[in-house]
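# Commentary on secondary and tertiary structure
Take a look at the letters that make up each chain.
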Amino acid sequence: MASTVIAVVNQKGGTGKTTVTMNLAAGLARRGRTLVVDGDPQGSAGQWARMASEERPFPASVFVVAGPLQRELRALRKDYDFIVVDCPPTLEGGTVEGALGSADHVLIPVLPSPMDLWGSVRMGRSLEQARAANPSLKPHIVVNQVEVRSALSRAMKHALMEIDIPALEQHLRRRAIYRRAALEGSSVYDLGKPGLAAVDEIDAIIDEVLA
Ligand SMILES: Nc1ncnc2c1ncn2[C@@H]1O[C@H](COP(=O)(O)OP(=O)(O)OP(=O)(O)O)[C@@H](O)[C@H]1O
Ligand SMILES: [Mg+2]
């Protein structure tokens, strides 16, 4: 199997990059050898995995990369089927550029309001530049923290149609279980029955991205 690199990017803070990274990696770990690359100097992915208990370690390895990401990723591809890169909330410092330069997919988590979406897609230009150098890079917006029982607002659907980055059909709902997964250093896959609805969401996202 050729390896697949998925960069999780948004220059806006707190949209769910680390949450998406870790749960996606846990889901991917059931399908192949999976690595999380923690490209964020805040180190949240590494911290997440360290919260895990010894009996139940986080299901994917987490590797902190401080140096040039592109060269590292090229080397790491040989050893893993899936690599998920958690990026910092900034376009400075070269991490996002390096991740976009070598990734097959870029997932952009956005919060479910048009204002947030516009704030998030200001990275559109970096994406265009990245795609000029890496034409096979496939971008996907993933709407995160959708409120229970409220479908996306008409304004949000309209805003999603207006931008030229395609959005995944599957959204992530706002669920306490995602916060619990972070606190326990695990993922929604390891939290039993309360995690099942979230597992379905993450599996559907993986299927859409890898399709
Ligand atoms: N679908 C969700 N349901 C409930 N809580 C969520 C969900 N997604 C993210 N959160 C919570 O929102 C907060 C921000 O999420 P997260 O840390 O993943 O964002 P981030 O984009 O990585 O932030 P940063 O830009 O600081 O790296 C966290 O407290 C996380 O637990
Ligand atoms: Mg983060």
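As shown above, the structure is provided for reference.
Criteria and thresholds
Residues numbered from 1 in each chain as written. Chains lettered and ligands numbered in written order. Predicted model: local features only at pLDDT ≥ 70, side-chain atom pairs only at ≥ 80, totals over all residues. Heavy atoms only, no water. Core = buried A, V, L, I, M, F, W, Y, C linked by side-chain atoms within 4.5 Å. Buried < 20%, exposed > 50% of the residue type's maximum accessible area, 1.4 Å probe, protein only. Contact = heavy atoms within 4.5 Å. Near = heavy atom within 4 Å. Polar contact = N/O pair within 3.5 Å; in protein donor to acceptor, adjacent residues only side chain to side chain. Areas by Shrake-Rupley, 256 points an atom, 1.4 Å probe, with all protein chains shown as cover. Helix = DSSP H or I, 4+ residues; strand = E, 2+ residues; numbered from the N terminus. Nonpolar A, V, L, I, M, F, W, Y, C, P; charged D, E, K, R; others polar. 1 Å grid on protein atoms, 1.4 Å probe; cavity = no way out; pocket = protein on both sides within 12 Å on 5 of 7 lines; lining within 4 Å. Points joined across faces, edges and corners; volume = space filled by probe spheres on them. Axes fitted to C-alpha atoms, helices over the stretch in contact; angles between N-to-C directions. Parallel < 35°, antiparallel > 145°, perpendicular 65-115°, else oblique. Pairing = 2+ DSSP bridges. Left-handed = near helix turned anticlockwise from the far one by under 90°.

This part is about the nonpolar core. Core analysis: the largest hydrophobic core is formed by 35 residues, its most contacted members being V37, I83, V85, L117 and I141. In this structure, V37 is in contact with F63, V65, L69, L73, L76, I83, V84, V85 and D86, ignoring residues within four places of it in sequence. Counting residues in hydrophobic clusters, the runner-up holds 32 residues, among them L28, L107, I202 and I205.

So, about the site of ligand 1. Near ligand 1, the surroundings consist of 17 residues, among which K17, T18, T19, N144 and R173 are the closest. Within the side chain of Q145, an N or O atom sits 3.3 Å from an oxygen atom of ligand 1. R175 is positioned such that a nitrogen or oxygen atom in its backbone is 3.0 Å from a nitrogen atom of ligand 1. Contact with the protein chains removes 79% of the 630 Å² of surface that ligand 1 exposes when unbound. Among the elements that take part in the shell around ligand 1, helix α1 (residues 17-28) stands out by supplying 3 residues, more than any other. Of the residues belonging to the shell around ligand 1, the class tally is 2 nonpolar, 9 polar and 6 charged.

Here the focus is the environment of T21. Counting through the fold element by element, T21 comes out in helix α1. Sequence separation of T21 and R173 is 152 residues, and the distance between their C-alpha atoms is 16 Å. Setting aside anything within four residues of it in sequence, one finds T21 in contact with V8, V36, V84, V85 and D86. Within the structure, T21 has its side chain in polar contact with the backbone oxygen of K17 (distance 2.7 Å).

Another aspect to go through is the layout of surface pockets. Over the atoms rolls a probe the size of a water molecule, and in doing so it shows where empty space is left. Of the pockets and cavities examined, the largest pocket occupies roughly 220 Å³. Surrounding the largest pocket, Q70, L91, V96, E97, L100, G101, S126, Q129, A130, A133 and N134 form its lining. For the lining of the largest pocket, the secondary structure elements donating two or more residues are α4 (95-102) and α6 (124-133). A class-by-class count of the residues in the lining of the largest pocket yields 5 nonpolar, 5 polar and 1 charged.

Bringing the packing of α1 against helix α9 (residues 196-210) into the picture now. Where α1 meets α9, the axes come as close as 10 Å, and the angle between the chain directions of the two elements is 80 degrees. On the basis of their axis angle, the class for α1 and α9 is roughly perpendicular. Within the contact between the two elements, α1 uses N23, L24, G27 and L28 and α9 uses I202, I205, I206 and L210. Of the residues that constitute the contact of α1 with α9, the class distribution is 6 nonpolar, 2 polar and no charged.

Moving on, we get to the pairing of strand β4 (residues 82-86). Within β4, 5 of the 5 residues are buried, leaving the element largely enclosed by the surrounding structure. Neither face of β4 is left uncovered, since the one carrying F82, V84 and D86 and the one carrying I83 and V85 both have all their residues buried. Note: strand β1 (residues 4-8) against β4, 5 bridges, orientation parallel. By the bridge assignment for β4, A7 is matched with V85. Here strand β2 (residues 34-38) runs beside β4; their pairing, made up of 5 bridges, is parallel. In the strand pairing of β4, V36 is matched with V84.

Once that is clear, we can look at the sheet that holds β4. Backbone hydrogen bonds are what pair the strands of a sheet, in a parallel or an antiparallel way. Taken together, the 6 strands give an open sheet; going across it, the order is β3-β2-β4-β1-β5-β6, and neighbouring strands pair in parallel fashion. Each end of this open sheet is capped by a strand with a single partner; those strands are β3 (61-64) and β6 (138-143). Strand-to-strand twist of the sheet, defined as the mean angle between neighbouring strand axes without regard to direction, takes the value 25 degrees.

We now examine the packing of helix α3 (residues 69-76) against α4. Across the interface, α3 lies against α4 with an axial gap of 8 Å and an inter-helix angle of 40 degrees. With respect to the hand of their crossing, α3 and α4 are arranged in right-handed fashion. For the pair formed by α3 and α4, the contact residues are L69, Q70 and L73 on the first element and T95, G98, A99, G101 and S102 on the second. The class makeup of the residues in the contact of α3 with α4 is 3 nonpolar, 5 polar and no charged.

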